[in-house]
Amino acid sequence: MATHRTRLMAGNWKMNKVPSEARAFTRQLLGRLEAAGRPEGVEVLLCPPFPALTAVHEEIVASGAGDWVQLGAQNLYFETHGAFTGEVAGPMLADAGCRYVIVGHSERRHLFGESDETVARKVKAAFSAGLVPILCVGETIDQRRQGQTEAVIRRQLEVALEGLDEAAVAGMVIAYEPVWAIGTGENATPEEAHRVIQQVIRQRVRELTGQAAAERVRIQYGGSVNATNIADFMALDGIDGALVGGASLKVDSFTAIVAAGRRKAA
Ligand SMILES: O=C[C@H](O)COP(=O)(O)O
């Protein structure tokens, strides 16, 4: 039986596009998406860098696609305000128009030293601000070679989901992003991504939070997704969208990726 989870096709722009570029890009992208029409069962998410959030939000609001194209941020701090120079709080993001926030991306974990515990605090901060966290999990190449993929992901989930109730977990998004597949051009095979998503991540959510949350939580794949390989991932019912880096920076490739997210009728 086909699932009814809305697929989330998300573009993580990382540290790319100044605000003026972001505005022009969003206008062009939204024009293309609107012309093509909303694919069945798909929601789109744009995650620009902080300085471009307002410009992208204004373009989304001005377009006719504001009901299915959302704004997200790439990170947040877990405190709400105060003397934390350089940090950005959840309520600031919500006020800027964000609905989602990426938490625990591997670049945050590995380049900026975010621990599982920090990620867990950020997940809770996102919920407190009314944002939907997109929790990123995934193994490094060394962990994969040592057969630790499952243990690493189980631990990341255990820490990040601790203390969250069923409704919270059901409403969040998890992104499976094998670190070795990010920005490398070497994607996980769709079958392997599907296996980890269904048998490791969804199973761990089931153990930690229960069957209802496991059925409802949306789990994306991320890592060298492009306009060519996206169809193979989306052919697998358990993969609820994609978290896309490089290929989300071009109108043509991201438009094709969004279209590929369409849920086929049961
Ligand atoms: O957040 C996105 C992921 O890190 C994937 O990036 P990529 O599509 O450039 O491999």
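Note that the structure is predicted; figures quoted are calculated from it, not measured.

Analysis parameters
Residues numbered from 1 in each chain as written. Predicted model: local features only at pLDDT ≥ 70, side-chain atom pairs only at ≥ 80, totals over all residues. UniProt positions renumbered as here; feature names shortened; annotations may be inferred. Helix = DSSP H or I, 4+ residues; strand = E, 2+ residues; numbered from the N terminus. Contact = placed C-beta atoms within 7 Å. Pairing = 2+ DSSP bridges. Axes fitted to C-alpha atoms, helices over the stretch in contact; angles between N-to-C directions. pLDDT = per-residue confidence, 0-100. Core = buried A, V, L, I, M, F, W, Y, C linked by C-beta atoms within 7 Å. Buried ≥ 20, exposed ≤ 12 C-beta atoms within 10 Å, placed from the backbone.

1. Re the UniProt feature "active site" (unreviewed entry) in the chain
Here is step 1: Residues annotated by UniProt as "active site" (unreviewed entry) correspond here to His105 and Glu177. For the residues just named, distributed over 73 residues, the greatest C-alpha separation is only 8.3 Å, placing them together at one site.
Here is step 2: Along the chain, the position of His105 falls in the loop between strand S4 (100-103) and helix H4 (106-111).
Here is step 3: Setting aside chain neighbours within four positions, we find His105 in contact with Gln74 and Cys136.
Here is step 4: Among the secondary structure elements, Glu177 is positioned in the loop between strand S6 (173-176) and helix H9 (190-209).

2. Describing the sheet that holds S4
Backbone-to-backbone hydrogen bonds join strands into a sheet, with any given pair of strands oriented parallel or antiparallel.
Here is step 1: Strand order in the closed barrel formed by eight strands is S1-S2-S3-S4-S5-S6-S7-S8, and the pairing between neighbours is parallel. Put simply, the sheet's adjacent strands are angled 25° from each other on average, direction ignored.
Here is step 2: Across two bridges, the pairing between strand S7 (residues 218-222) and strand S8 (residues 241-244) is parallel. Within the sheet, the bridge partner assigned to Gly222 lies in S8 and is Leu243.
Here is step 3: Strands strand S2 (42-47) and strand S3 (69-73) of the sheet are contacted by helix H2 (residues 53-62), whose axis makes an angle of about 170° with S3.

3. Quick word on the confidence of the model for the chain
Here is step 1: Residue-level pLDDT values for the chain average 96, and 98% of them are 70 or greater.
Here is step 2: Predicted complex, confidence summary: ipTM 0.99, pTM 0.97.

4. Structural notes on the nonpolar core
Within soluble globular proteins, side chains that are nonpolar tend to cluster in buried spots.
Here is step 1: In this structure, Val101, Ile134 and Ile201 are the most contacted members of the largest nonpolar core, which totals 79 residues.
Here is step 2: Aside from chain neighbours lying at most four places away, what touches Val101 is Gly72, Ala73, Leu76, Leu93, Ala126, Leu131, Pro133 and Ile134.

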